[in-house]
Amino acid sequence: MESAILAGLNGLILGFSNFGWGQAVMILIGSLLLYLGIGKGFEPLLLLPIGFGAILVNIPLAGLMDQGGVLRFFYDTGVLTEIFPILIFIGIGAMTDFQPLLENPKIILLGAAGQFGIFLTLLLALALGFDKLEAVAIGIIGACDGPTSIYVSSKYAPHLLGAVSVAAYSYMSLVPIIQPPIMRLLTTEGEKKIVMGIVKQPVSKTTKILFPVVVTVAASLVAPFGTPLIGMVMLGNLMKECGVVERLKQASENEITNIVTLLLGLSIGATMEAEKFLRVETIIVLVLGLIAIGLDTAVGVLLGKLMCFLTGGKINPLIGAAGISAFPMSARVVQVEGQKYNKKSYLLMHAMSANAGGQIGSIIAAAVMLSVLKGMGMG
Amino acid sequence: MDTWTFGWTVALIGMGGTMLVLWLLSLLILLLKRIFPYKSEESASPKR
């Protein structure tokens with residue numbers, strides 16, 4: 001009887017006896033993510049489940065990521081199969097309004113420049129000794145697009161998924177802090193003050209409906225291995241624009257996206273086990289992610305300067321910073337910066353066009369990269 | 001394939017490819033707008 005009681009009591013202290021400093025640190029990191037989401041409002045929809053998942057997976061002996069564990073089930077079912085990010089893309093498409101881009105399509109090129117950080121960071125990661133596929137996963141943080149980062153990193157370097165996702169979502173919410181110094185540094189006083197004319201070209205409903213179909217076919221023919229990304233975003237957008245499947249559109253942007261976001265966040269948090277996350281390479285990934293978004297901004301502004309030069313000063317280079325995928329935050333940053341230097345400057349609509357271009361650009365850049373890698377026999 | 005050949009190939013084709021596809025899309029948008037202009041749609045709508 002005595003030994004049975006002791007054995008029973010022993011079961012209650014097993015958690016403590018198996019609790020190491022690594023798990024303690026990870027629970028603090030999970031709590032920090034919760035604080036950023038709840039207290040600071042940084043991407044709470046993702047950071048809350050990621051933070052809580054990180055806490056859950058670091059409880060000793062709970063076995064949530066062991067074979068048969070509930071978080072392992074979510075991870076295997078939704079992340080390894082790439083189903084979760086794909087479903088979120090449908091919701092993103094259903095929520096995105098491409099009207100500003102359709103009104104001013106030339107600005108879409110800024111959305112391409114805003115992705116160059118992906119490829120430049122890939123080179124940096126290779127220089128720092130990461131292997132090829134790890135470098136691809138790190139570079140994709142520069143897409144400044146959470147689901148795209150998750151899709152690519154889960155495909156090529158699932159062991160970096162936690163770090164890449166945390167970097168992608170954290171930096172997306174830090175865009176108002178990251179971008180302005182780079183924008184100020186790369187533009188002259190005169191360029192910052194440029195007032196851009198109003199571009200108001202109404203777009204027909206037919207064009208809006210055909211746009212997702214045309215983009216899917218054209219972009220997928222060039223980059224066929226990115227069709228799951230492009231196709232799902234455009235499917236969501238078609239449902240939004242056609243106006244005849246309101247229930248499907250509502251479900252895509254609400255119920256489906258909400259459920260998948262919760263499970264995806266938990267699954268990402270579940271990859272943040274102490275022994276896998278507490279490494280020097282995690283810190284390097286976080287730093288490279290920051291550099292990636294800085295490079296996106298810099299190249300976007302530089303292309304903006306080139307367009308300013310080619311148009312004889314009609315384009316304010318600041319709008320180049322909005323060529324990233326953080327919509328509409330980046331466009332707002334451009335508007336605020338422009339107003340600081342010229343109260344008569346209203347850059348918001350132009351920046352929204354660039355920002356919508358950045359949303360498509362991030363998906364196209366990932367699609368192109370997937371296809372190039374496939375063509376090289378990788379992935 | 002060595003690391004740097006890989007890196008530069010992905011970077012150059014990636015950047016060029018992204019730029020090319022988006023430029024192509026901008027042309028297609030302009031084409032769509034020309035074929036289906038806003039006004040023609042308005043005039044095609046049923047009159048009350």
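This text goes with the structure placed above it.
Residues numbered from 1 in each chain as written. Chains lettered and ligands numbered in written order. Predicted model: local features only at pLDDT ≥ 70, side-chain atom pairs only at ≥ 80, totals over all residues.

Describing the overall build of chain B
How we decide: Strands here mean DSSP runs of E at least two residues long; helices mean DSSP runs of H or I at least four residues long; both are numbered from the N terminus. Exposure classes come from backbone-placed C-beta atoms, where a residue is buried if 20 or more other C-beta atoms lie within 10 Å of its own, exposed if 12 or fewer do, and partly exposed in between.
The secondary structure content of chain B amounts to two helices and zero strands. Residues counted as buried form 33% of the 48 residues belonging to chain B.

Focus on the overall build of chain A
Selection criterion: Radius of gyration means the value over C-alpha atoms here, while the globule rule gives 2.2 Å times the residue count to the 0.38 power. Contact definition: two residues whose C-beta atoms, as placed from backbone geometry, lie within 7 Å.
A count of helices and strands for chain A gives 20 helices and zero strands. Compactness check: chain A gives a C-alpha radius of gyration of 22 Å against a globular reference of 21 Å for 379 residues, within 12% of the reference. Dimensions along the principal axes, computed over C-alpha positions, put chain A at roughly 90 × 45 × 40 Å. Counting only residues that meet the buried cut, chain A has 56% of its 379 residues in that class. Partitioning the intrachain contacts of chain A with sequence separation of at least 6 by distance along the chain shows that 74% fall at a separation of at least 24.

Points about the packing of helix H11 (residues 161–173) of chain A against helix H18 (residues 280–310) of chain A
All names here are of chain A. Heads up, the condition is: Between N-to-C directions, angles span 0 to 180 degrees; the directions come from axes that are lines fitted to C-alpha atoms, helices contributing only their stretch in contact. When the near helix sits turned anticlockwise from the far one by under a right angle, the crossing is termed left-handed; a clockwise turn instead gives a right-handed crossing. As a working rule, the residues Ala, Val, Leu, Ile, Met, Phe, Trp, Tyr, Cys and Pro are called nonpolar, Asp, Glu, Lys and Arg charged, and the rest polar, with Gly in that last group.
Their axes nearest at 9 Å, the elements H11 and H18 cross at an angle of 35°. The two elements H11 and H18 meet at a crossing, and its hand is right-handed. From H11, Ala 163, Val 164, Ala 167, Ala 168 and Tyr 171 reach across to H18, where they touch Thr 282, Val 285, Leu 286, Gly 289, Leu 290 and Ile 293. A class-by-class count of the residues in the contact of H11 with H18 yields nine nonpolar, two polar and no charged.

Re the environment of Ile 29 of chain B
One can find Ile 29 of chain B in helix H1 (residues 3–35). Through-space distance from the C-alpha of Ile 29 of chain B to that of Gly 16 of chain B is 20 Å; in sequence the pair is 13 residues apart. What Ile 29 of chain B contacts, discounting residues up to four positions off in sequence, is Leu 102, Pro 105 and Phe 211 of chain A.

Points about the nonpolar core
All names here are of chain A. Where we set the bar: Here, a nonpolar core means buried Ala, Val, Leu, Ile, Met, Phe, Trp, Tyr and Cys residues linked by C-beta atoms lying within 7 Å of one another.
Membership of the largest hydrophobic core comes to 141 residues, with the highest contact counts inside it found for Ile 138, Val 164, Ile 364, Ala 366 and Ala 367. A per-element tally of this core places helix H20 (residues 348–375) first, with 16 residues. Here Val 164 is in contact with Ala 137, Ile 138, Ile 141, Ser 149, Ser 153 and Val 285, once residues within four sequence places are set aside.

Some points on H20 of chain A
Using the following cut-off: Expected helix span is computed as 1.5 Å times (number of residues minus one).
When the terminal C-alpha atoms of H20 of chain A are compared, their 39 Å separation across 28 residues agrees well with the 40 Å that a helix rising 1.5 Å per residue should span. Of all 28 residues in H20 of chain A, 25 are buried, a share of seventy percent or more.

Notes on the interface of chain A and chain B
Taken together, the contact pairs 38 residues of chain A with 26 residues of chain B. Breaking the side of chain A that touches chain B down by element, the ones donating at least two residues are helix H7 (108–113), helix H8 (116–127), helix H14 (205–222) and H20 of chain A. Looking at the side of chain A that touches chain B element by element, the count peaks at ten residues for H14 of chain A.

Some points on unusual backbone geometry
All names here are of chain A. For the bond from Phe 327 to Pro 328, the omega torsion is -5°, close enough to zero to count as cis. Of note, Pro 328 is situated in the loop between H18 and helix H19 (329–341). With a phi angle near 70°, Leu 61 is a residue other than glycine that sits in the positive phi range. Note that Leu 61 resides in the loop between helix H3 (44–57) and helix H4 (70–79). Phi is positive for Glu 82, close to 70°, though the residue is something other than glycine. With respect to the secondary-structure elements, Glu 82 resides in the loop between H4 and helix H5 (83–95).

Considerations on the packing of H4 of chain A against helix H16 (residues 246–270) of chain A
All names here are of chain A. Stated precisely, the cut-off is as follows: Between 65 and 115 degrees an angle is taken as roughly perpendicular, under 35 as roughly parallel, over 145 as roughly antiparallel, and anywhere else as oblique.
Where H4 contacts H16, the two axes come as close as 9 Å, and the packing angle between them is 110°. As judged from the angle between their axes, H4 and H16 are roughly perpendicular. Both H4 and H16 take part in a crossing whose hand is left-handed. The segment H4 lies against H16, with Leu 71, Phe 74, Tyr 75, Gly 78 and Val 79 engaging Leu 263, Leu 264, Leu 266, Ser 267 and Ala 270. Across the contact of H4 with H16, the residue classes break down as eight nonpolar, two polar and no charged.

The values reported here are purely geometric and, on their own, carry no functional implication.
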